[in-house]
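Structural characterization, general
So you can see what is in the structure, the chains are spelled out below.
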Amino acid sequence: MTMNPELPAALDEPVAAPRKSRKNNPEKTRENILQEAIVEFVQQGLAGARVDAIAERIHTSKRMIYYYFGSKEQLYVEVLEKLYGDIRTTESRLHLAELAPVEAIRRLVEFTFDHHDRNVDFVRIVCIENIHNAEYVKQSGAIKAMTNTILDSLGVILRRGAEEGVFRAGLEPLDVHLLISSFCFYRVSNRQTFGEIFQIDLSDEAVKQRHRQMVCESVLRYLRA
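Quantities reported herein were computed from a predicted structural model and do not represent experimental measurements.

What follows deals with the nonpolar core. If you look at the biggest cluster of nonpolar residues, it comprises 34 residues, and the most contacted ones within it are Phe41, Ile65, Leu75, Val79, Leu80 and Ile125. Of all the secondary-structure elements, those providing two or more residues to this core are helix 1 (26-48), helix 2 (51-57), helix 3 (62-69), helix 4 (72-92), helix 6 (120-131), helix 7 (141-163) and helix 8 (173-189). If near-sequence neighbours (up to four positions away) are discounted, Leu80 is found in contact with Ile125, Glu129, Tyr136, Val137 and Ile143.

As structure tokens, this is what we get:
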């Protein structure tokens, strides 16, 4: 797919507010648009995605989408925020602070592995955004704020582990986050090419469980005192 920077979508007609009715649910409408936009951006990339196609999927008008999001580019930014927000929100529900340091790291690694494996669209959208040199992530303060929460949480776990003598002192939360994410992301982002070159099915359950255990042990061995 061709990934070329685009100018913001121009409107050929004035934007009208959605018709009010007792059935109008703005939050549900926004969520429906975002869900279908994810599909469109994953399949077509940012350059190839069409607002008309998104509108057709949810039986609404292009004007309605522009009313809620302003432009295709802003819709794409909010798709990024939603996908990053989903993983950060679920991480916050892991109750890592209530666990012993080793168990907290194990749970975080297993969650990250499972989330990437089950959310291929997230991985693909991040790949698309990297093609655009993070141009749209730069526009979102929300994504950066969300990411700081996991670094803060990791920092607390690593400090507790060092105080208890189970982890080495001086570990950088960002480095540990990168170590965890890199393996979990790569095996999904490169699943097709890696699988074809090495003739391995990375979606096979036995392979997944082996890799899940491997990344847990790798991270813990790096952290241990």
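The geometry of an aromatic ring pair is captured by the separation of the ring centres together with the interplanar angle, meaning the angle of the planes. Counted according to the given criterion, the structure contains six aromatic pairs. Ring centres of Tyr84 and Phe122 lie 5.4 Å apart, and the angle between their planes is 85°; on these two criteria the pair is classed as edge-to-face. Placement of the pair is Tyr84 in helix 4 and Phe122 in helix 6, with a sequence separation of 38 residues. What makes Phe122 buried here is its relative accessible area of 6%. Seen in terms of ring centroids, Phe194 and Phe198 are 4.7 Å apart; in terms of plane orientation they differ by 45°. Their pairing is tilted. Residue Phe194 and its partner Phe198 are both found in helix 9 (residues 191-198); the two are separated by four residues, about one turn of the helix. For Phe194, a relative accessible area of 27% translates into the label partly exposed. Through successive ring pairs, a cluster of aromatic residues spans Phe41, Tyr76 and Tyr136. Here Arg168 stacks its cationic end above the ring of Tyr222, 4.7 Å away from the centre of that ring.

Right, let's talk about the environment of Arg106 for a bit. Inspection of the secondary structure assignment puts Arg106 in helix 5 (residues 101-118). For the pair Arg106 and Leu220, spaced 114 residues apart in sequence, the C-alpha separation works out to 7.7 Å. Those residues in contact with Arg106 that sit more than four places away from it in its chain are Cys216, Glu217 and Leu220.

Now for the packing of helix 5 against helix 8. Between helix 5 and helix 8, whose axes approach to 9 Å, the crossing angle comes to 25°. Relative to helix 8, helix 5 is oriented roughly parallel. At the point where helix 5 passes helix 8, the crossing takes the right-handed sense. For the pair formed by helix 5 and helix 8, the contact residues are Leu108, Val109, Thr112, Phe113, His116 and Asp117 on the first element and Ile180, Phe183, Cys184, Phe185, Arg187 and Val188 on the second. Taken together, the residues that form the contact of helix 5 with helix 8 break down as eight nonpolar, two polar and two charged.

Counting across every chain of the model gives 14 salt bridges. Residue Lys208 is joined to Asp117 by a salt bridge in which the shortest nitrogen-to-oxygen separation is 3.1 Å. Residue Lys208 is found in helix 10 (residues 205-223), and its partner Asp117 is found in helix 5; the two are separated by 91 residues along the sequence. According to the relative accessible area criterion, Asp117 is buried, its value standing at 14%. Several salt bridges converge on common partners, so that one network encompasses Asp117, Arg187, Arg191, Glu205 and Lys208.

Reading guide: rules and limits
- Residues numbered from 1 in each chain as written.
- Predicted model: local features only at pLDDT ≥ 70, side-chain atom pairs only at ≥ 80, totals over all residues.
- Heavy atoms only, no water.
- Core = buried A, V, L, I, M, F, W, Y, C linked by side-chain atoms within 4.5 Å.
- Buried < 20%, exposed > 50% of the residue type's maximum accessible area, 1.4 Å probe, protein only.
- Helix = DSSP H or I, 4+ residues; strand = E, 2+ residues; numbered from the N terminus.
- Contact = heavy atoms within 4.5 Å.
- Phe/Tyr/Trp six-rings, centres within 6.5 Å; stacked < 30°, edge-to-face > 60°.
- Lys NZ or Arg CZ within 6 Å of the ring centre and 35° of its normal.
- Axes fitted to C-alpha atoms, helices over the stretch in contact; angles between N-to-C directions.
- Parallel < 35°, antiparallel > 145°, perpendicular 65-115°, else oblique.
- Left-handed = near helix turned anticlockwise from the far one by under 90°.
- Nonpolar A, V, L, I, M, F, W, Y, C, P; charged D, E, K, R; others polar.
- Salt bridge = Lys/Arg side-chain N within 4 Å of Asp/Glu carboxyl O.

Spatial relationships are all this shows, so hold off on functional conclusions.
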